[in-house]
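Below are the chains, spelled out letter by letter.
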Amino acid sequence: MHLPTLKTPPYSNCKMLSPDGILMCRMSRRRVDWYVTQGLAKVVDHNPYTIQLIFQPGGLGNHNDKYYLADKENICVVCGQNEELTKHHVLPRCFRKYFPNHIKNDNSHDVLLLCFRCHEAYEIHAYQLKMKIIGNKRVTYIRDEDKNKINAIKSARTLLRHADEIPDDRAFNLMLKIEEYAGDYNDEIVRTLANDTAKYHETTVWKDAVNNIRDYNEFTRMWREHFIETMNPKHLPAYWDKSKRLLETRV
């Protein structure tokens, strides 16, 4: 299995404040710089790098969620190593992609950092559970590099067509998918990918399995518990909660 390692540390722990000084969320340096260059925020501190919005947002983001407001280390959550890091989706993407949009778009809680070795070790156990869930049905995989390309194409098209409608955290996730595939992010890359005519086919086994799920929260909790019991992670981020509900409403 091809597991691309991250070229740069994913967490820069920059802060974004509301006009009233309320901490709304933690963001990457790239994202906060975008707010500043667009004239939407001003820099109010450099350590840690902090911006403050100069307009009244429609909501206060993650201001009441300790997990999203806490600093996060750029280390493997299992062994603590800080090299050859990869992104691990605790709830496998093959299932999550078929969840309802209002659930699957809010997934950063279930994206954790694993070093290459720990990630490879866990995927063996994850594969066994996947096969148990789908009843050992035959699965036809497309190549991992093709998956990354398709994800990048979809992300670019979404950004171009719905830029004014996408929440900031969703837009940021789309930008990351493009950068992960292309190695960089700019307007020209987005336009090129959006116009790509690549087509692909995938199995419907995963979709069929999701259609049989009665409780999305319990299904997600099962995967979180499986990861914990299998890998015994010693460096989970502060306030990470295996029982966090997918459907909770943030104020």
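Here the structure is shown first, and the text comes after it.
The residue numbering used here restarts from 1 in each chain and proceeds along that chain's sequence as written. A pLDDT threshold of at least 70 governs which residues receive local features in this predicted model, and a stricter bar of 80 or more applies before side-chain atom pairs are shown or counted, although totals over entire chains, interfaces and linings include all residues. To get the side-chain values, take all heavy atoms of the structure and skip hydrogens and water.

Asks: What should I look at first to understand helix α1 (residues 29-37) in this one?
Replies: A turn of α-helix holds 3.6 residues, and therefore any two residues three or four places apart point the same way. Relative accessibility thresholds used throughout: buried, under 20% of the residue-type maximum; exposed, over 50%; partly exposed, between the two (1.4 Å probe, protein chains only). In DSSP terms, a helix is any run of H or I states spanning at least four residues, a strand is any run of E spanning at least two, and both are numbered starting from the N terminus. Along α1, the positions that sit buried rather than exposed are R31, V32 and Y35. Considered in projection along α1, the buried side chains sweep an arc of 95° and stay on one side of the axis. The criterion used for residue contact is that any of the two residues' heavy atoms lie within 4.5 Å. Considering only its buried residues, α1 is in contact with β1 (14-17), β2 (23-27), β3 (41-46), β4 (49-53) and α7 (168-182). Phi turns positive, to about 75°, at G39, one or two residues after α1. What the arc describes is the spread of directions from the helix axis to the C-beta atoms.

Asks: Which parts of the structure should I look at to understand the nonpolar core?
Replies: Grouping buried Ala, Val, Leu, Ile, Met, Phe, Trp, Tyr and Cys residues that are joined through side-chain atoms within 4.5 Å yields what is termed a nonpolar core. Counting 33 residues, the largest nonpolar core has V78, F95, F99, W223 and F227 as the members making the most contacts within it. At the level of elements, α2 (66-69), α3 (93-96), β6 (111-115), α5 (116-133), α9 (205-211) and α10 (216-231) are the ones that each hand at least two residues to this core. Here the element with the most residues in this core is α5; it accounts for 5 residues. Not counting the four nearest positions on each side in its chain, W223 is found in contact with V90, L91, P92, F95, Y122, A126, L129, K130 and I133. Listed in part, the 13 residues of the second largest apolar core include L159, I166, A171 and I178.

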